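Read off the chains here:
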Amino acid sequence: MRLEHSYAICTDTGADIPWRTAQVQQLEIAHLHYTMDDAAYIYDLGRETDLTAFYYAMRNSVQVKTIPVLPEAFCSMWNPVLVSGRDVLYLSLSGAMSSSFQSAQVAREQMRLLHPERRIILVDTCSCSLAQGMLVFEAAQMRAENRTIDDVAGWVVENRKYTHGLLFPEERDGLRAAGLYSGNAINELLGRQTLFSLGANGGLNQAGHFKTRQEALRGVLDYVRSVGYALENQVVGVVHADVPEKAEKLCWLLKKHAGCTQTMIMPMGPIIGAYARPGALGVAFFGSRR
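The shown structure was predicted, so the numbers you read here are calculated from the model rather than taken from an experiment.

1. Re the overall build of the protein chain
No. 1: Summing up its helical and strand segments, the protein chain has 11 helices and 13 strands in all.
No. 2: The C-alpha radius of gyration of the protein chain comes to 19 Å, within 12% of the 19 Å expected for a compact globule of 290 residues.
No. 3: Scored against the burial criterion, the 290 residues of the protein chain give a buried share of 53%.
No. 4: When contacts within the protein chain are restricted to residue pairs at least 6 apart in sequence, those whose partners lie at least 24 apart make up 75%.
No. 5: Counting only carbon and sulfur atoms, one obtains 51% of the accessible surface of the protein chain, whose full area is about 13200 Å².
No. 6: If the 28 positive side-chain charges of the protein chain are averaged to one point and the 29 negative ones to another, these points end up 6 Å apart.

Here it is as structure tokens:
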């Protein structure tokens, strides 16, 4: 039975939430698009998107770019909600990685003219992929417990700084092309691996350079152990760009060496995967302040 809440929680496909989960949690989803060799596609959270085919194409040098949510798309999604007498809480992909948050600001001003009695609260999660998704999961749970829109928005604003996301890509060309990385090329010439973490503003910080992939995995474990909070009492998420076996191994390492008793694995969608590239791994968890 579908309950009618007093407000809608909206997020976008940058959060990599599976579409079935979005349905169960009654989330409104703003769809970012991506292009492959100039043909545009919608990312539907894996409902019909073939992620294996997507990464296969990338491995075969197909050029991929992403398209942010436009203001018109937000207006089309929010208008029926506002007409029904409900408010909107939008939890966005990091504004440091996408202009979708800015589009949402434009759309909010347009909707205010049509529905001045309704509220639209925008929160930049300063996160992406599963780290963003974890904040959305918690927000949906709080709404199910009848917490107010202000309570939920306030909780996300307070706790986004304690939500950590690590990214361990096999290569960095996609991040560089997106303007998310401008590191020293010497590290790449020497074959060094780079570990990235989410910064306070939602951008990517370089969390370490390692000589080998094995050392980089140890760096992931060290990072999680050093900043993770009550790891035995939370679900630590692992996200992967078409390397499920490596994701399973990383979960095993997190359980054995970092005390993470509960883990889950999610596929990385095209929005983040377009720049992280095939083979990337990510970890999301709650910890000390970024």
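Picking up after the structure, the text goes on.
2. Some points on the packing of helix α9 (residues 213–227) against helix α10 (residues 244–257)
No. 1: Interaxial distance between α9 and α10 falls to 10 Å at its minimum, and their mutual angle equals 50°. In terms of orientation, α9 and α10 fall into the oblique class. For the pair α9 and α10, the crossing hand works out as right-handed. Judged by residue contacts, Arg-213, Gln-214, Leu-217, Val-220, Leu-221, Val-224 and Arg-225 of α9 engage Lys-246, Lys-249, Leu-250, Leu-253, Leu-254 and His-257 from α10.
No. 2: Of the residues that constitute the contact of α9 with α10, the class distribution is seven nonpolar, two polar and four charged.

3. Some words on the side chain of Asp-16
No. 1: With respect to the helices and strands, Asp-16 occurs in the loop between β1 (7–12) and α1 (19–24).
No. 2: Buried charge without a salt bridge: Asp-16, with Arg-290 as the nearest opposite-charge side chain at an N-O distance of 14 Å.
No. 3: Of the polar contacts made by the side chain of Asp-16, one reaches the side chain of Ser-129; its length is 2.7 Å.
No. 4: Within polar-contact distance, the side chain of Asp-16 engages the backbone nitrogen of Gly-269 at 3.0 Å.

4. Observations regarding helix α6 (residues 149–159)
No. 1: Residues of α6 that are buried include every one of Ile-149, Val-152, Ala-153, Val-156 and Asn-159, and no others. Along α6, the residues classed as buried sweep out an arc of 145° about the axis, all on the same side.
No. 2: On its buried face, α6 is in contact with β1, β6 (87–92), β7 (120–124), α5 (129–144) and β8 (163–168).

5. Some remarks on the packing of aromatic side chains
No. 1: Applying the stated criterion across every chain, the model contains seven aromatic pairs.
No. 2: Here the aromatic rings of Phe-54 and Tyr-55 are separated by 4.9 Å at their centres, their planes lie at 75°, and the arrangement is edge-to-face. The pair formed by Phe-54 and Tyr-55 is uniform in burial state, with each residue classed as buried.
No. 3: Taking the centre distance of 5.0 Å and the plane angle of 35° together, the rings of Phe-74 and Trp-78 count as tilted. Here Trp-78 and Phe-74 lie together in helix α3 (residues 71–83), a separation of four residues that amounts to about one turn.
No. 4: Overall, the relative accessible area of 0% leaves Phe-74 in the buried class.
No. 5: Judged by its relative accessible area of 1%, Trp-78 is buried.

6. Some thoughts on the environment of Pro-267
No. 1: Along the chain, Pro-267 turns up in strand β12 (residues 262–267).
No. 2: In this structure, the C-alpha to C-alpha distance between Pro-267 and Val-243, residues 24 residues apart in sequence, is 8.7 Å.

7. Points about unusual backbone geometry
No. 1: Positive phi, normally seen in glycine, also occurs at Ser-61, with a value near 70°.
No. 2: Of note, Ser-61 is situated in the loop between α2 (51–59) and β5 (64–67).
No. 3: Assessed through its relative accessible area of 58%, Ser-61 is described here as exposed.

8. Some words on the pairing of β1
No. 1: Extensive coverage of β1 is indicated by the burial of six of its six residues.
No. 2: Here β1 shows no split at all, with Tyr-7, Ile-9 and Thr-11 on one side and Ala-8, Cys-10 and Asp-12 on the other all buried.
No. 3: Here β1 runs beside β6; their pairing, made up of four bridges, is parallel. Among the inter-strand pairings, Ile-9 is bridged to a residue of β6, identified as Leu-89.

Procedures and definitions
- Residues numbered from 1 in each chain as written.
- Predicted model: local features only at pLDDT ≥ 70, side-chain atom pairs only at ≥ 80, totals over all residues.
- Heavy atoms only, no water.
- Helix = DSSP H or I, 4+ residues; strand = E, 2+ residues; numbered from the N terminus.
- Rg over C-alpha atoms; globule rule 2.2 N^0.38 Å.
- Buried < 20%, exposed > 50% of the residue type's maximum accessible area, 1.4 Å probe, protein only.
- Contact = heavy atoms within 4.5 Å.
- Areas by Shrake-Rupley, 256 points an atom, 1.4 Å probe, with all protein chains shown as cover.
- Lys, Arg positive; Asp, Glu negative; His and termini not counted.
- Charge placed at Lys NZ, Arg CZ, Asp CG, Glu CD.
- Axes fitted to C-alpha atoms, helices over the stretch in contact; angles between N-to-C directions.
- Parallel < 35°, antiparallel > 145°, perpendicular 65-115°, else oblique.
- Left-handed = near helix turned anticlockwise from the far one by under 90°.
- Nonpolar A, V, L, I, M, F, W, Y, C, P; charged D, E, K, R; others polar.
- Salt bridge = Lys/Arg side-chain N within 4 Å of Asp/Glu carboxyl O.
- Polar contact = N/O pair within 3.5 Å; in protein donor to acceptor, adjacent residues only side chain to side chain.
- Arc of directions from axis to C-beta.
- Phe/Tyr/Trp six-rings, centres within 6.5 Å; stacked < 30°, edge-to-face > 60°.
- Pairing = 2+ DSSP bridges.

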